Number of protein chains: 2
Amino acid sequence: MTETAKEADRSPAPGLEDIYTEDGSVRQDFLALVGAAIADRDVLFLRQKVAKLHESELGDLLEALLPEQRLALVHLLGDDFDLTALTEVDEAIRLEIVDQLSNAQIAAAIGDLDSDDAVYILEDLDHEDREDILAQLPFTERVRLRRALDYPESSAGRRMQSEFVAVPPFWTVGQTIDYMREDDGLPERFTQIFVIDPTFKLLGSVDLDRILRAKRQVRIEDIMHETTHSIAADMDQEEAAQIFEQYDLLSAAVVDENDRLVGVLTIDDVVDVITEEADEDIRRLAGVGDEELSDSAVSTARSRVPWLLVNLVTAFCSASIIGLFDASIEKMIALAVLMPIVASMGGNAGTQTMTVTVRALATKDLDIYNAARIVRREAGVGLMNGVVFAILLGIVAAFWFGNPQLGGVIGAAMIINMMAAALGGILVPLLLDKLKADPAIASSVFVTMITDCVGFFAFLGLATWWFSIH
Amino acid sequence: MTETAKEADRSPAPGLEDIYTEDGSVRQDFLALVGAAIADRDVLFLRQKVAKLHESELGDLLEALLPEQRLALVHLLGDDFDLTALTEVDEAIRLEIVDQLSNAQIAAAIGDLDSDDAVYILEDLDHEDREDILAQLPFTERVRLRRALDYPESSAGRRMQSEFVAVPPFWTVGQTIDYMREDDGLPERFTQIFVIDPTFKLLGSVDLDRILRAKRQVRIEDIMHETTHSIAADMDQEEAAQIFEQYDLLSAAVVDENDRLVGVLTIDDVVDVITEEADEDIRRLAGVGDEELSDSAVSTARSRVPWLLVNLVTAFCSASIIGLFDASIEKMIALAVLMPIVASMGGNAGTQTMTVTVRALATKDLDIYNAARIVRREAGVGLMNGVVFAILLGIVAAFWFGNPQLGGVIGAAMIINMMAAALGGILVPLLLDKLKADPAIASSVFVTMITDCVGFFAFLGLATWWFSIH
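All values derive from a computational prediction rather than experimental measurement.

Conventions used here
- Residues numbered from 1 in each chain as written.
- Chains lettered and ligands numbered in written order.
- Predicted model: local features only at pLDDT ≥ 70, side-chain atom pairs only at ≥ 80, totals over all residues.
- Heavy atoms only, no water.
- Axes fitted to C-alpha atoms, helices over the stretch in contact; angles between N-to-C directions.
- Helix = DSSP H or I, 4+ residues; strand = E, 2+ residues; numbered from the N terminus.
- Parallel < 35°, antiparallel > 145°, perpendicular 65-115°, else oblique.
- Left-handed = near helix turned anticlockwise from the far one by under 90°.
- Contact = heavy atoms within 4.5 Å.
- Nonpolar A, V, L, I, M, F, W, Y, C, P; charged D, E, K, R; others polar.
- Core = buried A, V, L, I, M, F, W, Y, C linked by side-chain atoms within 4.5 Å.
- Buried < 20%, exposed > 50% of the residue type's maximum accessible area, 1.4 Å probe, protein only.
- pLDDT = per-residue confidence, 0-100.
- Domains from an automatic or database assignment.
- 1 Å grid on protein atoms, 1.4 Å probe; cavity = no way out; pocket = protein on both sides within 12 Å on 5 of 7 lines; lining within 4 Å.
- Points joined across faces, edges and corners; volume = space filled by probe spheres on them.
- Expected span 1.5 Å × (residues − 1).
- Patch = residues over 30% accessible without salt bridge, like charges linked within 9 Å, V, L, I, M, F, W, Y side chains within 5 Å.
- Areas by Shrake-Rupley, 256 points an atom, 1.4 Å probe, with all protein chains shown as cover.
- Salt bridge = Lys/Arg side-chain N within 4 Å of Asp/Glu carboxyl O.
- Lys, Arg positive; Asp, Glu negative; His and termini not counted.
- Charge placed at Lys NZ, Arg CZ, Asp CG, Glu CD.
- Buried area = accessible area lost by both parts, 1.4 Å probe.
- Polar contact = N/O pair within 3.5 Å; in protein donor to acceptor, adjacent residues only side chain to side chain.
- Pairing = 2+ DSSP bridges.
- Phe/Tyr/Trp six-rings, centres within 6.5 Å; stacked < 30°, edge-to-face > 60°.
- UniProt positions renumbered as here; feature names shortened; annotations may be inferred.
- Least-squares fit on C-alpha atoms with pLDDT ≥ 70 in both.

**Description of the packing of helix H19 (residues 334–362) of chain A against helix H17 (residues 297–324) of chain B**
Two numbers describe how H19(A) lies on H17(B): the axes approach to 9 Å, and their chain directions differ by 155°. If you check the angle between H19(A) and H17(B), you find them roughly antiparallel. Judged by the sense of rotation from one axis to the other, the crossing of H19(A) with H17(B) is right-handed. Residue-level inspection shows A:Ala336, A:Val337, A:Pro340, A:Ile341, A:Ser344, A:Met345, A:Asn348, A:Ala349, A:Gln352, A:Thr353 and A:Val356 of H19(A) in contact with H17(B), the latter providing B:Arg304, B:Trp307, B:Leu308, B:Asn311, B:Leu312, B:Ala315, B:Phe316, B:Ala319, B:Ile322 and B:Gly323. Partitioned by chemical class, the residues of the contact of H19(A) with H17(B) number 14 nonpolar, 6 polar and 1 charged.

And the structure:
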């Protein structure tokens, strides 16, 4: 990429300082302009105003356009279409656009991308297309991309950039600066350089500010620091992200099993990983899988069925508990009216505790040193809030049905269920974590099963017992 | 900070390459060693093995220790205790430790910190202590910190670092490098330098790699790029984080209302913001406030009451709907047994849709361009899954109670409630967002209220009507 092209990348489209409205969606008038230009096949306008957008702006624009506009735009821009924008859109839209391009076009465009962006696009293609595209790339690039693609999905090796700056330890700062001034093959952006031996074994790294602050004659090995936070290429990206977060890294060396430098992982990719993983936790807690907004209704409906099915089974469990007490309900209809309250309050309290626990496990804030204390705390919270809401609910129920004894029974059931909710909310995720299962996925089924069953059983059971002896 | 001290910061404690076990908690044997050293008042060991830990490792160690060990450790380390570690621990632990230190000690220690870390610690103190500490600091530092503290909480101004490298546009690359080699007052770590006019008005910025690749005689203004993504100091940190994410920034200039450079926001702080905000969304969906693991049981219980109270009110609403049909339930107890199933399935389906919607709104993936499509999609999902589970539940209910008509009634109620869940799950957060309320906080109350009420009303109402005419 030339200097001028790089400059242009960094400035907004001329005349349109900001393509976004205040709340972050693409501006309607900009969208209308682009739509008209597409309809008029006004390639000049599109090259000037659209091709020069930042990749993420172009991505947002693609998502805002209608499907047929999207494809027409890519077609009209031709070689001026920046494929990097595809790393910024929904998977469904990415595949839709990639399907429209010939393998030769993709191969030509992929040559200009950073290797991590290229891998991002290639990994979604089917095997045949991917091999066809790789075959059309120059040798070194092919080898590089194939190596990254060989690492497991969601590993650091997949997300790394294979371009990096590496120098031998005996070079001076002056030699290093001269090398950087003259070499054209450097990555577009970097914040540290790596120090390697002739076999590419990683010796250390130097941040750019260290180099700028050192005198020209200083040797690199004297200012480098040994890389204590290098990342194994097959490490899971989430684990790598945690190392970045813990040590406030901007970039880190990625090494293979022989400790040889194979790439560099940068913070911008890690930020994406952090956002994705947090999203995943939220979605898993609600039983939603890896769906995207652009998925169709049918595939979305299908992906949500398993979770609903599991919940149907647990709902039958609690229904059969109610079935045990049908005689009592027949005698006192108020039980049927009140029983969902006990279950629902327990469900909410359990979800609160569970959410805190699942997140604390995910961020590693909860461990063996504080687990016992947190379990005690949650039990205390359950007891306290149980008593508070037992009194509230008891009084209301007593007045509603003019039956103080019923108030006492529902209050007692409330305390029991709030305790069950607290203990279930913390012990279920802890246990799942101990069993190496993902607490985010399975916890809420078990927790609501506990609070529903305990809620109905405690209330109906207590009522049956109490009113049978009084 | 001297060069040697900086080197030590970057290497692990000698002899203990990694203080963590594989699943990320502090190693038991290391903890035992530290505990013994604290008991023996072995200051030498603590200085060698503990004081040199990375700030985040020291933070994790503090969290793993018992409260009395924690305070003894801080006391024993004295001036060797790195106050930065306090930015890595729970708020309750931070306050507990800060309370133990005299204002003079804090003032002395804060002088060594980056301004963003200093602000992080100062902002939690009460007004009087904060003023007392500020009064003991040198003039420029006091002014700097006070300025940052004057910006609203959670603003970019609070999170920025006031130390930065700035040069005039007419300097050459050579002059700039020489300045960086000779000046001792530079920030500890930086990735770009800023270009300003004599009044500190921001003109642009240059990444360090650009400087390293340019020849010495090149003028800064020729390689700088105009800063298009500068951040207003009073911008909310979440908004600033979104700009970082969108444009893959490593650092960005923070400017005051006159566009004058006042500080720099760096990606490591932004990563913390991103994690916090995602956490906040998860917690809000479950009705858990800003609690921390180190909070006491009483304060945790109290903070969870409002949410449970709101849920109690909605539970009464659905209970009174059941109350409307007590005569029907008395005639057919099966209704009481089956009714929670319809409500619970609707609740789960509604939560799925709502979670997807809330996250899509938070990440700005959902906007006016695709809202109509997503509403249609969710309605389709609700209808499809409604039919699937209507058939399943209908068959089971019909066999369970030997009553095919009851199966038909519950199936019809299921379809109605799944549609209500889908529409509620998407329209409630969209509406709240439109009204400028946070969809994460309030959505789930409304959605479960809808699914409970519609579920009970549809099932009991249909049953009453159907069995009254047959």
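After that view of the structure, there is still more to cover.
**Concerning the nonpolar core**
Core analysis: the largest hydrophobic core is formed by 137 residues, its most contacted members being A:Leu46, A:Leu61, A:Leu83, B:Leu46, B:Leu61 and B:Leu83. Grouped together as the second largest cluster of nonpolar side chains are 81 residues, A:Leu393, B:Leu312, B:Ile329 and B:Met332 included.

**Here's the deal with the confidence of the model for chain A**
Residues and elements named next belong to chain A. Model confidence for chain A is summarised by a mean pLDDT of 87, while 96% of its residues fall at 70 or above. Looking over chain A, one finds the lowest element-wise mean pLDDT in helix H1 (residues 3–10), namely 38, and the highest in helix H21 (residues 404–434), namely 95. Here residues 1–16 is modelled with pLDDT under 50, and outside its nearest four sequence neighbours on either side it reaches 24 contacts, counting other chains as well.

**Some remarks on the domain arrangement of chain A**
Split into domains, chain A comes out as domain 1 (3–155), domain 2 (166–285) and domain 3 (297–469). Centre-to-centre separation of domain 1 of chain A and domain 3 of chain A, based on C-alpha positions: 49 Å.

**Concerning empty space enclosed by the protein**
For the structure shown, the criterion picks out 7 cavities of 30 Å³ or more. For the largest cavity, the calculated volume is near 990 Å³. Lining the largest cavity are 43 residues, and of these A:Thr351, A:Thr448, B:Asn348, B:Thr351 and B:Thr448 sit closest to its centre. Elements represented by at least two residues in the lining of the largest cavity include exactly helix H16 (267–285), helix H17 (297–324), H19 and helix H22 (439–469) of chain A together with helix H16 (267–285), H17, helix H19 (334–362) and helix H22 (439–469) of chain B.

**Topic: H19(B)**
All names here are of chain B. For H19, built from 29 residues, the straight-helix expectation of 42 Å at 1.5 Å per residue is met to within 8% by its first-to-last C-alpha distance of 43 Å. Across the 29 residues of H19, 26 count as buried, placing the element largely inside the fold. Once H19 finishes, lysine 364 follows within two positions and takes phi at roughly 60°, a positive value.

**Overview of a negative patch on the surface**
Taken together, A:Glu22, A:Asp23, B:Asp236, B:Glu238, B:Glu239 and B:Asp433 make up a surface patch of like negative charges. Of note, B:Glu239 is situated in helix H15 (residues 237–247).

**Here we look at the interface of chain A and chain B**
The parts lose accessible area when they come together, and the size of an interface is often stated as this lost area. Taken together, the contacts link 125 residues of chain A with 125 residues of chain B. Carbon and sulfur atoms supply 63% of the area buried between chain A and chain B, which totals about 11200 Å² over both sides. Along the contact surface separating chain A from chain B lie 6 salt bridges. B:Arg359 is the salt-bridge partner of A:Asp279, the closest N and O atoms lying 2.5 Å from each other. Across the contact surface, chain A and chain B share 34 residue pairs in polar contact (both at pLDDT 80 or more). No other element matches H17(A), which puts 17 residues into the side of chain A that touches chain B. Taken together, the residues that form the side of chain A that touches chain B break down as 62 nonpolar, 26 polar and 37 charged.

**Details of the sheet that holds strand S4 (residues 231–232) of chain B**
Residues and elements named next belong to chain B. With respect to topology, 3 strands assemble into an open sheet ordered S4-S5-S6, the strand pairing being mixed. The open sheet is flanked by S4 and strand S6 (261–266), the only strands paired with a single partner. Here S4 pairs with strand S5 (residues 251–255) via 2 bridges, running parallel. Looking at S5, one finds that alanine 232 is bridged to valine 255.

**Comments concerning the packing of aromatic side chains**
Scanning all chains against the criterion turns up 12 aromatic pairs over all chains. Seen in terms of ring centroids, A:Trp400 and B:Phe316 are 6.1 Å apart; in terms of plane orientation they differ by 50°. Their pairing is tilted. Remark: B:Phe316 occurs in helix H17 and A:Trp400 occurs in helix H20 (residues 371–400); the pair is interchain, linking two chains. An angle of 85° between the planes, with centres 6.5 Å apart, marks the rings of B:Phe164 and B:Phe194 as edge-to-face. Residue B:Phe164 is located in the loop between helix H11 (156–159) and strand S1 (166–167), and its partner B:Phe194 is located in strand S2 (residues 192–196); the two are separated by 30 residues in the primary sequence. Residues B:Phe164 and B:Phe194 agree in their burial class; the two are buried. Ring-pair connections join several aromatic residues into one group, and the members of that group are A:Phe316, B:Trp400 and B:Phe401.

**Focus: the pairing of S5(B)**
Here S5(B) lies mainly inside the structure; 5 of its 5 residues are buried. Taking the residues between adjacent antiparallel strands as the criterion, S5(B) and S6(B) are bridged by 5 residues, where B:Asp259 takes a positive phi near 70°.

**Description of unusual backbone geometry**
Keep in mind that most residues, glycine aside, have a negative phi and that most peptide bonds are trans. All names here are of chain A. You will see that serine 154, though not glycine, has its phi angle at about 60°, which is positive. A relative accessible area of 28% means that serine 154 is categorised as partly exposed. For phenylalanine 200, which is not a glycine, the phi torsion comes out positive at approximately 70°. Looking at the element boundaries, phenylalanine 200 is found in the loop between strand S2 (192–196) and strand S3 (202–207).

**Observations regarding the UniProt feature "domain: CBS" (unreviewed entry) in chain A**
All names here are of chain A. UniProt records the feature "domain: CBS" (unreviewed entry) at residues 160–223 and 224–280, using the numbering of this structure. End C-alpha atoms of residues 160–223 are separated by 25 Å, and the span's content is 31% helix alongside 20% strand. In the segment residues 224–280, helix accounts for 44% and strand for 23%; the C-alpha atoms at its two ends are 38 Å apart.

**Re the UniProt feature "transmembrane region" (unreviewed entry) in chain A**
All names here are of chain A. UniProt feature "transmembrane region" (unreviewed entry): in the numbering of this structure it lies at residues 305–325, 383–402, 408–432 and 444–467. Annotated as residues 305–325, this span is 95% helix and 0% strand, and its ends, taken at the C-alpha atoms, are 31 Å apart. Between the C-alpha atoms that bound residues 444–467 there is a distance of 34 Å. The span itself is 100% helix and 0% strand.

**Considering the relation of the copies chain A and chain B**
When chain A is brought onto chain B, the operation consists of a screw motion whose angular component is 180° and whose axial shift is 0.0 Å, with 0.1 Å RMSD remaining. On this basis, the relationship between the two copies can be described by a two-fold rotation axis. Of the interface residues in chain A, 99% have counterparts in chain B that sit at the interface too, so the contact is made through matching surfaces.

**Brief notes about the pattern of salt bridges**
With the rule as written, the count across this model stands at 40 salt bridges over all chains. One salt bridge in this structure joins A:Glu163 and A:Arg144, with 3.7 Å as the shortest N-O distance. Placement of A:Glu163 in the loop between helix H11 (156–159) and strand S1 (166–167) and of A:Arg144 in helix H10 (residues 139–150) is noted, with a sequence separation of 19 residues between them. Looking at A:Glu163, the relative accessible area reads 15%, which means it is buried. The class of A:Arg144 is partly exposed, set by a relative accessible area of 31%. Among the ionic pairs, B:Asp178 bridges to B:Arg181, the shortest N-O distance being 3.9 Å. Taken as a pair, B:Asp178 and B:Arg181 lie in helix H12 (residues 173–182) at a separation of 3 residues, close to a single helical turn. The exposure class of B:Asp178 is partly exposed, given its relative accessible area of 26%. Members of the salt-bridge network, linked through shared partners, are A:Glu291, A:Arg304, B:Arg377 and B:Glu378.

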